[in-house]
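# Architecture at a glance
Take a look at the letters that make up each chain.
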Amino acid sequence: MTVVTGARRRALRDGDRQIDTAHLLHSLLESDAEAGAAFESGHQLARVLGYLVQRSIGYGLRWQRSVEDSDAAGRRLPALHTAEPQDPRASGWSPAAAAALEEAFRRAAGRGDTQARGLDLLAVIAADPGSRAVEVLRRAGVDPAALAARIGEPSQQV
């Protein structure tokens, strides 16, 4: 998936210890036109990308030494069910980013697809109020709940 590769590259370049939801959002908006079209306007999308670029050049320094955690990350993910609990941080993904990817694949499976689309990931990211991506969206003047509602359920996606 291009988004995952881009997020991984962005985290490495930014010197972050983990790939978080803001890395996923940035990569998603750079590589998926359908996800970009989900915003109310091109101006709104440009503001989000502006904040994400600022983050990559220093805005996110306060995040570098911390683990992104959120409401969604508290769920036990099927991929993480093992005899011995795994620490998602060991995988290089923040718990919130790992949960977002899992939920995006659940959305895709719900409509009978084997691959998640960009809109699946964007809807999940926007619906997690504790994620770094949502913090970026809010700072850029985007209502994350309205964005998630615009995208809708998997069966309603364009």
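Quick notes on the rules
- Residues numbered from 1 in each chain as written.
- Predicted model: local features only at pLDDT ≥ 70, side-chain atom pairs only at ≥ 80, totals over all residues.
- Heavy atoms only, no water.
- Helix = DSSP H or I, 4+ residues; strand = E, 2+ residues; numbered from the N terminus.
- Buried < 20%, exposed > 50% of the residue type's maximum accessible area, 1.4 Å probe, protein only.
- Contact = heavy atoms within 4.5 Å.
- Areas by Shrake-Rupley, 256 points an atom, 1.4 Å probe, with all protein chains shown as cover.
- Core = buried A, V, L, I, M, F, W, Y, C linked by side-chain atoms within 4.5 Å.
- pLDDT = per-residue confidence, 0-100.
- Salt bridge = Lys/Arg side-chain N within 4 Å of Asp/Glu carboxyl O.
- Axes fitted to C-alpha atoms, helices over the stretch in contact; angles between N-to-C directions.
- Parallel < 35°, antiparallel > 145°, perpendicular 65-115°, else oblique.
- Left-handed = near helix turned anticlockwise from the far one by under 90°.
- Nonpolar A, V, L, I, M, F, W, Y, C, P; charged D, E, K, R; others polar.

As a further point, take the overall build of the protein. Counting secondary structure elements, the protein contains eight helices and zero strands. Counting only residues that meet the buried cut, the protein has 49% of its 158 residues in that class. When contacts within the protein are restricted to residue pairs at least 6 apart in sequence, those whose partners lie at least 24 apart make up 66%. Carbon and sulfur atoms provide 52% of the accessible area of the protein, an area that totals close to 7900 Å².

Counting 39 residues, the largest nonpolar core has L24, F39, V48, L121, L122 and L147 as the members making the most contacts within it. Counting residues per element, the ones that place at least two in this core are α1 (2–14), α2 (21–31), α4 (42–56), α5 (95–110), α6 (118–126), α7 (132–139) and α8 (144–151). Looking at this core, the element that brings in the most residues is α6, giving seven residues. Filtering out sequence-adjacent residues up to four positions away, F39 remains in contact with L29, Q44, L45, V48, L122, L137, V142, L147 and R150.

For the protein, the mean per-residue pLDDT works out to 81, and 73% of the residues sit at or above 70. By mean pLDDT, α4 is the weakest element of the protein at 89, and α6 is the strongest at 96. This stretch, residues 73–86, has a pLDDT under 50; its non-local contacts, to residues over four places away or in other chains, come to 16 contacts.

Let's shift gears to the environment of L122. Looking at the element boundaries, L122 is found in helix α6. Expressed as a C-alpha distance, the spacing of L122 and G36, which sit 86 residues apart in the sequence, is 9.4 Å. Residues in contact with L122, not counting those within four places in the same chain, are L25, L28, A35, A38, F39, L147 and I151.

Turning next to the pattern of salt bridges. In the structure shown here, the tally under the stated rule is nine salt bridges. With its nearest N and O atoms 2.7 Å apart, the salt bridge here joins E34 to R117. Within this pair, whereas E34 is found in helix α3 (residues 33–36), its partner R117 is found in the loop between α5 and α6, the two being separated by 83 residues in sequence. Residue classification places E34 among the partly exposed positions, given a relative accessible area of 32%. By relative accessible area, R117 is classed as partly exposed at 23%. Measuring nitrogen to oxygen at the nearest pair gives 3.3 Å for the salt bridge that ties E135 to R139. Placement of both E135 and R139 in helix α7 is noted, with a separation of four residues, approximately one turn of the helix.

By the secondary structure assignment, L52 is in helix α4. Residues contacting L52, with those up to four places away along its chain left out, are A22, L25, H26, L29 and V136.

The geometry of a pair of packed helices is captured by two quantities: the angle between their axes and the separation between those axes. Where α5 meets α6, the axes come as close as 8 Å, and the angle between the chain directions of the two elements is 125°. The orientation of α5 with respect to α6, classified from their angle, is oblique. Considering the relative orientation of α5 and α6, their crossing is right-handed. Facing α5, whose interface residues are A100, L101, E103, A104, R107 and A108, α6 presents D120, L121, A123, V124 and I125.

Bringing the packing of α2 against α6 into the picture now. Look at α2 against α6: their axes get within 11 Å of each other, and the N-to-C directions meet at 145°. Of the two possible hands of crossing, α2 and α6 adopt the one that is left-handed. Contact with α2, carried on its side by T21, L24, L25 and L28, involves G118, L121, L122 and I125 of α6 and no other residues of that element. Residue composition of the contact of α2 with α6, by class: six nonpolar, two polar and no charged.

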